[in-house]
Amino acid sequence: AIQLADRLKGCGDVVVFAGDLNPVEIRKCADEILNGCGGICVLLSGDDNKGYRYAVGVRDGDIRDLVREMNKQLDGRGGGKPFFAQGSLQGKRDRLEEFFKKKGFAISQ
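In this text the structure is predicted, and so the values were computed from the model without any measurement.

Quick notes on the rules
Residues numbered from 1 in each chain as written. Predicted model: local features only at pLDDT ≥ 70, side-chain atom pairs only at ≥ 80, totals over all residues. Heavy atoms only, no water. Helix = DSSP H or I, 4+ residues; strand = E, 2+ residues; numbered from the N terminus. Buried < 20%, exposed > 50% of the residue type's maximum accessible area, 1.4 Å probe, protein only. Contact = heavy atoms within 4.5 Å. Areas by Shrake-Rupley, 256 points an atom, 1.4 Å probe, with all protein chains shown as cover. Lys, Arg positive; Asp, Glu negative; His and termini not counted. Charge placed at Lys NZ, Arg CZ, Asp CG, Glu CD. Pairing = 2+ DSSP bridges. Right-handed = clockwise from strand over helix to strand, strands pointing away. Axes fitted to C-alpha atoms, helices over the stretch in contact; angles between N-to-C directions.

Caption draft 1: Inspection of the overall build of the protein at higher detail. Assigned secondary structure in the protein consists of 4 helices and 6 strands. Across the protein, helices and strands are ordered from the amino to the carboxyl terminus as α-β-α-β-β-α-β-β-α-β. Seen through its C-alpha atoms, the protein measures out along the principal axes to roughly 30 × 25 × 25 Å. For the protein, the residues scored as buried account for 44% of the 109 residues in total. If you take every contact in the protein between residues at least 6 apart in sequence, the share linking residues at least 24 apart comes to 59%. Accessible surface computed for the protein: about 5900 Å², of which carbon and sulfur atoms make up 46%. Separation between the mean location of the 18 positive side-chain charges and that of the 16 negative ones in the protein comes to 3 Å.

Right, here's the structure in full:
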């Protein structure tokens, strides 16, 4: 997570597809990336068959509208605070990537 966070320093809004992580690891990894990316971090863990668990956060701002739109358009469930949310999404990875690319997010592996 630390190496990934270093690589994404200053990237702004970023989507990261991580391996199979548990909810605590997802939150910690997203938090680490948030320390340097300078924007919104969306961390996704899972696969096309099981779906993807997510953590979304921002240091200064409000991600509730984004999370509502994610949940609506990507068959998701979840929520949280204005600055951090967790939940799950259904659908294929390419559909998820397309959704975030349209919003100007950089996609990182």
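Caption draft 2: Structural detail: the pairing of strand S1 (residues 12–18). Taken across its 7 residues, S1 has 6 buried, putting it largely inside the fold. As defined by bridge partners, S1 adjoins strand S2 (residues 38–47) across 6 bridges and the pair is classed as parallel. The partner of Val14 across the bridge, within S2, is Cys41. This β-α-β element, S1 to helix H2 (residues 23–37) to S2, shows right-handed connectivity. Relative to strand S6 (residues 106–108), S1 runs parallel, the two sharing 3 bridges. Residue pairing in the sheet places Val16 in a bridge with Ser108 of S6.

Caption draft 3: The sheet that holds strand S5 (residues 84–89), seen in detail. Reading across from one edge, S4-S5-S3-S2-S1-S6 is the order of the 6 strands in this open sheet, with mixed pairing throughout. Two strands bound the open sheet, and with one partner strand each, they are strand S4 (77–81) and S6. Direction aside, the axes of adjacent strands within the sheet are offset by 15° on average. Both S4 and S5 contribute to a ladder of 5 bridges, which runs antiparallel. Bridging from a neighbouring strand, Gly78 pairs with Gly87 of S5.

Caption draft 4: Expanded view of unusual backbone geometry. Residues other than glycine seldom take positive phi values, yet Asp75 does so here, at roughly 50°. The exposure class assigned to Asp75 is partly exposed, which follows from its relative accessible area of 47%.

Caption draft 5: Structural context of the pairing of S2. Of all 10 residues that make up S2, 7 are buried, and the element is covered over most of its length. As judged from the 7 bridges shared by S2 and strand S3 (residues 51–57), these two strands associate in the antiparallel manner. Bridge pairing in S3 places Val42 opposite Val56. Counted along the chain from S2 to the antiparallel partner S3, the turn is 3 residues long.

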